[in-house]
Amino acid sequence: MLFDAWSEAVPGFQPGLDLESLAHRERLALVDCNQFYVSCERLFRPELRRVPVVVLSNNDGCVIARSLEAREMGIEMGVPWFQVRARYGVHAPIAFSSNYTLYEALSERVMASLRSFGHGLEVYSIDEAFVQLPSEQPWEIQAEALSTRVERWTGIPVGVGIGSTKSLAKVASWLAKRRYKRPWYALQDMAELAEVPVDALWGIGPRHAIRLRERSVKSAADFVQLDPVWVRKQMTVQGLRLYLELQGIVCHPMQANGRRRRQIRHARSLARDESCLRRLKTWLAGFVAQAAVKLRGQDCIAGKLGVYLISNRFRQEGGYEQSPQVFINSRLEPASSYTPDLLKAAHRLLEQLYRPGQAYKKIGVLLQDLVPRQEASLNWLWPRPESERVLMTTVDAVNSSLGHQALFYACQLGAGRYSRQENRSPHYLTRWDELPVIAKR
Ligand SMILES: [Mg+2]
């Protein structure tokens, strides 16, 4: 049983290998931007540096990011904004609508600063990356160099946690932020695992945390004392990987060029219920166009396309349907990254899902079965005309230099805004007409 479990969990594990011999001697740094969305907003509004600030989800619904000051006021993650406003009145924090265009642009700059070190880099999320550290220099000096350079080059403060596996780097990052309140921390020895509560571990959700506490597993140190067979049985191979990683055995190797997305989703809640097919089509067209830009950005084509259309159950008269179909997909023949193909397919699916008179609150598109364009062009049955690729490359280039939607598709015209974003900051970094102005003459 154990052997099967090890070979399932540990890449490169072979019979006869001693597990200890796989313990990693190298070090990884987890670089994590501090309160990333809030830091992005503050970068252009330095007067808000010590003021409580929050960032809201789509349609200004809930709090999705908080400054330390807002956290200290007792504002929880995910709480609806109207409740915060009702409770704090004029003392409520400054709130921003989410501005993902800005956050993505700053994320790219953070990652570019990290890339400039020339070490292995894996972009893990919009505000986190793993960096492989060479062993010549002391870890502390490298951690300091990473955080100083990112902050100096981009203005975004980061925390750095260093350990021999990704899970240990996460632990170090937690210790730096929550326990020692310092910008970086390198894990020294395993005794420190006793400081880390089990629910702060990477990938331990509330359900597992409760079950572990029932077995009086309170800290990461208790967790690594468990029987691995029990861990595998109760917490799947993911739990076992965490268990081994906390003991220095790499189960999640670095993925050098970042991961290519396996699917691309673009879905949004609408500010108001919508029952007009024409407007739904227009919004969907905009989402498809944006998903297609991401698809071409990773040089892939999609083999399948799906559409979400979610109705507002609470407003339906006569009870809601037994199983309202909210998602359907279909194969793209041939696979494509050509926006007009994707638009046609998406609109066809939308027409199938749509029921007249129904009020819808969310709509979106999902691109699936992504394969690199190079591999697909070997498909001689359906050669794609070169003109399509040239056209798309040109449209993407124009839009990336002149700003989002300098060129768009006619079917995107005329629906107006789908979301409520009352406090969105300007697109400081991606639109000429919204560049920050330092001084006006
Ligand atoms: Mg962060």
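Residues numbered from 1 in each chain as written. Predicted model: local features only at pLDDT ≥ 70, side-chain atom pairs only at ≥ 80, totals over all residues.

Asks: How would you explain the nonpolar core if you had to name every residue and give the values?
Replies: Ranked by internal contacts, the top residues of the largest apolar core, which has 69 residues, are Ala 29, Val 31, Val 131, Ile 162, Val 171 and Ala 172. Excluding anything up to four places from it in sequence, Val 131 contacts Leu 28, Ala 29, Val 31, Leu 114, Phe 117, His 119, Leu 121 and Leu 146. Ala 289, Leu 295, Leu 305 and Leu 349 belong to the second-largest nonpolar core, a separate cluster that totals 36 residues. (Core = buried A, V, L, I, M, F, W, Y, C linked by C-beta atoms within 7 Å. Buried ≥ 20, exposed ≤ 12 C-beta atoms within 10 Å, placed from the backbone. Contact = placed C-beta atoms within 7 Å.)

Asks: So, the sheet that holds strand β5 (residues 121–125): which residues are in play, and what are the values?
Replies: Pairing is mixed across the open sheet formed by five strands, whose spatial order is β5-β6-β1-β7-β8. One side of each edge strand has no neighbouring strand; the edge strands of this open sheet are β5 and β8 (184–186). Averaged over all pairs of adjacent strands, the angle between strand axes in this sheet comes to 15°, irrespective of strand direction. Bridging between strand β7 (residues 158–163) and β8 involves three bridges; their strand directions are parallel. Counted as the bridge partner of Ile 162 is Ala 186 from β8. Running at roughly 135° to β7, helix α7 (residues 166–179) makes contact with β1 (27–33), β6 (128–133), β7 and β8 of the sheet. (Pairing = 2+ DSSP bridges. Helix = DSSP H or I, 4+ residues; strand = E, 2+ residues; numbered from the N terminus. Axes fitted to C-alpha atoms, helices over the stretch in contact; angles between N-to-C directions.)

Asks: Lay out the domain arrangement of the protein chain in plain terms, naming residues and giving numbers.
Replies: Size of an interface, as often reported, equals the accessible area lost when the parts are brought together. Domains assigned within the protein chain are domain 1 (2–11 + 19–32 + 103–245), domain 2 (35–100) and domain 3 (264–412). Inter-centroid distance (C-alpha atoms) of domain 2 to domain 3 is 32 Å. (Domains from an automatic or database assignment.)

Asks: Before we move on, could you go through helix α6 (residues 139–154) and cite the residues and values that matter?
Replies: Taking 1.5 Å per residue, 16 residues should reach 22 Å; α6 reaches 22 Å between its end C-alpha atoms and fits that length. Taken as a whole, α6 has its buried residues at Trp 139, Gln 142, Ala 143, Leu 146, Val 150 and Thr 154. Along the long axis of α6, the arc covered by the buried residues comes to 105°, so they all point the same way. For α6, exposure combined with an orientation more than 90 degrees from the buried face picks out Ile 141 and Arg 152. Residues of α6 that are buried make contact with β1, α5 (100–115), β6, β7 and β8. With its phi angle positive at about 85°, Gly 155 sits one or two positions after the end of α6. (Expected span 1.5 Å × (residues − 1). Arc of directions from axis to C-beta.)

Asks: Give me the sheet that holds strand β4 (residues 94–97): which residues, what numbers.
Replies: The strand order β3-β2-β4 describes an open sheet built from three strands, whose pairing is mixed. Every other strand in the sheet has two partners, leaving β3 (63–66) and β4 as the edge strands with one partner each. In this sheet, adjacent strand axes meet at a mean angle of 30° when their direction is disregarded. Judged from the four bridges that link them, strand β2 (residues 53–56) and β4 form a sheet pairing that is parallel. Paired with Val 54 across the two strands is Ala 95, which belongs to β4. Across the sheet, helix α2 (residues 36–43) is in contact with β2, β3 and β4; its angle to β2 comes to roughly 110°.

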